[in-house]
Amino acid sequence: MIRSIPSTPYAGQKPGTSGLRKKVREFAQANYAENFIQAVIDVVAPAPGATLVIGGDGRYHNRTVIQAAIRIAIANGYGRVLVGQGGILSTPAASHVIRSYGASGALVLSASHNPGGPDEDFGIKYNIANGGPAPEAVTEAIYARTLTIDRWLTVDAPDIDLDRLGDTPVGAGVVSVIDPVADYADLMATLFDFAAIRAAVAAGFTATFDAMHAVTGPYAVEIFERRLGFAAGTVKNRVPLEDFGGHHPDPNRVHAKALFDTMYADDAPDFGAASDGDGDRNLIVGRGCYVTPSDSLAMLAANLHLAPGYAGGVKGIARSMPTSAAADRVAAALGIPAFETPTGWKFFGNLLDAGRITICGEESAGTSSDHVREKDGVWAVLAWLNILAVRGISVAALAREHWATYGRTYYARHDYEALPTEAAAALIADLTARLPALPGTAFGPLHVDLADSFCYVDPVDGATSANQGLRVLFAGGSRIVFRLSGTGTEGATLRVYLERYEPADGALDQDTDAMLAELIAAAEAIAGIARHTGRTQPSVIT
Ligand code: G16
């Protein structure tokens, strides 16, 4: 029997860069998750009998919300709900499941790289039928609906056993608990040269992969250890835990320090990588050689034709605006288009659907291709392994070769976390007002060529997205970008993206901090970060 539960709206259920992200204690309030899920369904209005995918990164509160979501979905007329076993589906695997089962969409329960546990973060995002994150028009409509919601629907049905594969009738529909790994692993085997990687492993190639006690553990064990033959134990922290072992499942220099220590030791393996909470981000480290996400995108784009799934070549490349211009130089050399989009994977969706790009990526450690509509951590690792195996080259040698061909873009991101919201907003407002006066001025040796607030017009559907970050471009290809994060759950986070270009005959082997020192000073002079926030140092440098 379908029941309608009266409810009243919660303020602030506005999806950010990647869905609705809040503390668990907010999500645990009566009707909170239910209101949001019902608002999603009211907006997307599924056809009767449609299929919905549900899965998450295994964090605390996942199973509770999944049980509620199943009942709400069936009450709203979905005919079939596909749930990953144990409530697990990585974000890219969910994207693949939507596409391969012809589902109308997915609820992905994750707060990505944010920590998990009773006092930490939770999140719900909705992906549409192409497998990608809901576009802005949809998330805005969902937010509007949360403000007027007055009921949610449910059915009386016991909890599903999420750990047992198989079908269970619920109300007028059916719930299928599916293997979260198998379909995805099979897809990877069609894209990459598993035989070449296996041969390299047999010849002594070694790797380490840190799953950070998050969702990629089961995927990595199946693909790297079982199918590619890497030694047992190659996958570290392989069991997904509700609190990620007390760590931030964020693959960067701070939170994946153990991986960096391994890769910079004398006995380092040939290759190191990590992924995040929900499996969409990646970190690539060679022996003594960290590859920035911006460089990784460029290096993969330049070599991707070596993977069987991309043997026809790359059609076009897209990057988010704060991502360095390294990939643009590869696109120019290949004679293919390069696109610059706002931060957020949803902005790549139209370009991928229209077949205008093959590969895309972001400075925030996301890289992927047209095989799904999400960024894909394990895919990026396999792309690197495929290229290294076929070419018989090390990460460091490939990086040196790339810079000697295209020049090198030194890059860093400085994050100022948990700022008072008003102080961060004042900094941005103040700088926005002063942007028009910046071109023609100089900060030390840096001459401002152009300064603007990034506004994107989608080349496929013409949709306009304004205020997507403040850009200051200097003569010679250096750049600073200022932007407020859309994924934090505490106050505001200011991100300052610093980038310096050195041509192929320039200084390619320098220390990044030293190369960026003048830009760091210019960022302070331009934005008055200390004056506005009281901070003289970033909280995190990635
Ligand atoms: C999300 C989005 C990404 C975006 C990132 C950073 O990643 O999916 O496209 O680049 O947030 O966003 P911000 O700079 O606004 O914090 P994830 O991995 O958190 O889903």
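Sequence positions are assigned chain by chain, starting from 1 and proceeding in written order. Two thresholds apply to this predicted model, a pLDDT of at least 70 for residue-level local features and 80 or more for giving and counting side-chain atom pairs, whereas whole-chain, interface and lining totals are computed over all residues. To obtain the side-chain values, all non-hydrogen atoms of the structure were used and water was disregarded.

Focus: the overall build of the protein chain
What counts, and what does not: For helices the rule is a DSSP run of H or I covering at least 4 residues; for strands it is a run of E covering at least 2, with both sets numbered from the N terminus onward. Only C-alpha atoms enter the radius of gyration; for comparison, a globular chain is expected to reach 2.2 Å times N to the power 0.38, where N is the number of residues. Burial classes: relative accessible area under 20% of the type maximum marks a residue as buried, over 50% as exposed, and values in between as partly exposed (1.4 Å probe, protein chains only). Contacts are assigned to residue pairs with any non-hydrogen atoms lying within 4.5 Å of each other.
Along the protein chain, the regular secondary structure elements total 17 helices and 27 strands. Expected size for 542 residues packed as a compact globule is a radius of gyration near 24 Å; at 23 Å, the protein chain falls within 12% of this value. Principal-axis analysis of the C-alpha atoms gives the protein chain an extent of 70 × 60 × 40 Å. In the protein chain, which comprises 542 residues, the proportion classed as buried is 58%. Residue pairs at least 24 apart in sequence account for 71% of intrachain contacts in the protein chain once pairs closer than 6 positions are excluded.

Here we look at the site of the ligand
Keep this limit in mind: We call a residue near a molecule or strand when any one of its heavy atoms sits within 4 Å of it. The term polar contact refers here to a pair of N or O atoms within 3.5 Å; inside protein, the definition further demands a hydrogen-donor-capable atom paired with an acceptor-capable atom, and it admits residues adjacent in sequence only when both atoms are side-chain atoms. Reported accessibility uses the Shrake-Rupley method at a 1.4 Å probe radius. Residues are deemed covered only where the shown protein chains occlude them. In the cavity and pocket records, a cavity denotes points on a 1 Å grid over the protein atoms alone where a 1.4 Å probe fits but cannot get out, a pocket denotes an open set with protein on both sides within 12 Å along at least 5 of 7 lines, and lining residues are residues with an atom within 4 Å of a point. A pocket or cavity is taken to hold a molecule when more than half of that molecule's atoms are within 2 Å of the pocket's grid points. All amino acids are sorted into three groups, where Ala, Val, Leu, Ile, Met, Phe, Trp, Tyr, Cys and Pro are nonpolar, Asp, Glu, Lys and Arg are charged, and the leftover types, Gly among them, are polar.
Every one of the 19 residues lining the ligand counts as a neighbour, but Glu362, Ser485, Gly486, Thr487 and Arg495 are closest to it. Trp345 has a polar backbone atom sitting 2.9 Å from an oxygen atom of the ligand. Relative to its unbound accessible surface of 470 Å², the ligand loses 99% to contact with the protein. The cavity that encloses the ligand is the largest cavity. Taken together, the residues that form the shell around the ligand break down as one nonpolar, ten polar and eight charged.

Some words on the layout of surface pockets
For clarity, the cut-off: Grid points are joined across faces, edges and corners, and a volume is the space filled by probe spheres set on the points.
Of the volumes computed, that of the second largest pocket is approximately 980 Å³. Every residue lining the second largest pocket is counted, 40 residues in all, and those nearest its centre are Gly16, Thr17, Leu484, Ser485 and Gly486. Elements represented by at least two residues in the lining of the second largest pocket include exactly strand S2 (20-23), helix H5 (136-146), helix H15 (421-434), strand S25 (479-484) and strand S26 (492-502). When residues of the lining of the second largest pocket are assigned to their parent elements, the largest contribution, five residues, is made by H15.

Points about empty space enclosed by the protein
Applying the stated criterion across every chain yields a total of two cavities of 30 Å³ or more. Considering only enclosed or pocket space, the largest cavity measures out at about 400 Å³ in volume. Lining the largest cavity are 34 residues, with Thr17, Ser18, Arg21, Gly344 and Thr487 sitting closest to its centre. Looking at the lining of the largest cavity, the elements that each hand over two or more residues are helix H2 (32-44), strand S6 (121-127), H5 and S26. Class assignment of the residues belonging to the lining of the largest cavity gives a composition of ten nonpolar, twelve polar and twelve charged. Approximately 40 Å³ is the volume attributed to the second largest cavity.

Some remarks on the environment of Arg356
Among the secondary structure elements, Arg356 is positioned in the loop between helix H12 (349-353) and strand S17 (359-362). Look past the residues within four positions of Arg356 in its chain and what remains in contact with it is Lys315, Gly316, Pro337, Phe339, Leu351, Pro459 and Val460.

Some details on the packing of aromatic side chains
Our working rule: Within 6.5 Å between ring centres, the rings of Phe, Tyr and Trp (the latter by its six-membered ring) count as paired, and their orientation is classed by plane angle as stacked under 30 degrees, edge-to-face over 60, tilted in between. Remark: a charge is flagged as sitting over a ring if the NZ atom of Lys or the CZ atom of Arg is within 6 Å of the ring centre and within 35 degrees of the ring normal.
Considering all chains together, one arrives at 13 aromatic pairs under this definition. By the ring-pair criterion, three or more aromatic residues cluster together here, those being Tyr10, Phe27, Tyr32 and Phe122. Sitting over the ring of Tyr501, Arg329 keeps its end group 3.5 Å from the ring centre. Over the aromatic face of Trp403 sits the side chain of Arg408, whose NZ or CZ is 3.8 Å from the ring centroid.

Observations regarding the domain arrangement of the protein chain
Cut-off, in case you're wondering: All the domain ranges listed were derived from an automatic or database domain assignment. Two parts placed together each lose some accessible area; with a 1.4 Å probe, that loss summed over both constitutes the buried area. Salt-bridge detection follows one rule: a side-chain nitrogen of Lys or Arg within 4 Å of a carboxyl oxygen of Asp or Glu.
Assigned domains of the protein chain: these are domain 1 (2-180), domain 2 (184-406) and domain 3 (408-541). Inter-centroid distance (C-alpha atoms) of domain 2 to domain 3 is 26 Å. Taken together, the contact pairs 29 residues of domain 2 with 23 residues of domain 3. When the two sides are added together, the surface that domain 2 and domain 3 hide from each other amounts to roughly 2200 Å², 57% of it contributed by carbon and sulfur. When the area that domain 2 buries against domain 3 is broken down by residue, the three leading residues are Met321, Asn350 and Trp403, summing to 26%. At the boundary of domain 2 with domain 3, the tally comes to three salt bridges.

Some details on the pairing of strand S8 (residues 166-170)
Note the following rule: Two strands qualify as a pair provided DSSP detects at least 2 bridges between them.
Of the pairings in the sheet, the one linking S8 to strand S9 (residues 173-178) comprises five bridges and is antiparallel in character. By the bridge assignment for S9, Thr168 is matched with Val175. The hairpin turn running from S8 into S9, its antiparallel successor, is two residues long, and Gly171 in that turn takes a positive phi close to 50°.

Topic: the packing of helix H6 (residues 182-191) against helix H8 (residues 216-227)
So the rule is basically this: Axis lines are fitted through C-alpha atoms, for helices just across the contact stretch, and the angle between N-to-C directions can take any value from 0 to 180 degrees. Oblique is the label for any angle not covered by the other classes, which are roughly parallel (under 35 degrees), roughly antiparallel (over 145) and roughly perpendicular (65 to 115). A clockwise turn of the near helix away from the far one marks a right-handed crossing, whereas an anticlockwise turn of less than a right angle marks a left-handed crossing.
Orientation of H6 relative to H8, taken along the N-to-C sense of each, is 45°, at an axis distance of 10 Å. Classified by the angle between their axes, H6 and H8 sit oblique to one another. Relative to H8, the crossing made by H6 is right-handed. The segment H6 lies against H8, with Ala182, Tyr184, Ala185, Asp186, Met188 and Ala189 engaging Tyr219, Glu222, Ile223 and Arg227. Across the contact of H6 with H8, the residue classes break down as seven nonpolar, no polar and three charged.

Topic: helix H3 (residues 62-75)
Under the convention used in this document: An expected span of 1.5 Å times one less than the residue number is assigned to each helix.
Helix length check: H3, at 14 residues, gives a terminal C-alpha distance of 20 Å against a target of 20 Å (1.5 Å per residue), a fit within 8%. Judged by how many residues are buried, H3 sits mostly within the fold: twelve of 14 residues are covered. Here H3 has its buried residues at Asn62, Val65, Ile66, Gln67, Ala68, Ala69, Ile70, Arg71, Ile72, Ala73, Ile74 and Ala75. The positive-phi residue at the C-terminal boundary of H3 is Gly77, with phi of around 100°.

Comments concerning the sheet that holds strand S3 (residues 51-56)
Taking strand neighbours across the sheet as the criterion, the seven strands line up as S2-S6-S5-S3-S4-S9-S8 in an open arrangement whose pairing is mixed. Where the open sheet ends on each side, the last strands, each with one partner, are S2 and S8. Strand-to-strand twist across the sheet, computed as the mean angle between neighbouring axes with direction ignored, equals 20°. Where S3 lies against strand S4 (residues 80-88), five bridges are found, and the strand directions are parallel. Bridge pairing in S4 links Val53 to Leu82. Sheet contacts for H2: S2, strand S5 (105-109) and S6; angle to S6, the most-contacted strand, approximately 10°.

A word on the pattern of salt bridges
Counted under the stated rule, the structure contains 37 salt bridges. Residue Asp186 pairs with Arg227 through a salt bridge whose shortest N-O separation is 3.0 Å. One end of the pair, Asp186, is in helix H6; the other, Arg227, is in helix H8, and 41 residues separate them in sequence. For Asp186, a relative accessible area of 40% gives the class partly exposed. A single salt-bridge network, built from bridges that share partners, covers Arg319, Asp328, Glu340, Asp452, Arg471, Arg479 and Glu499.

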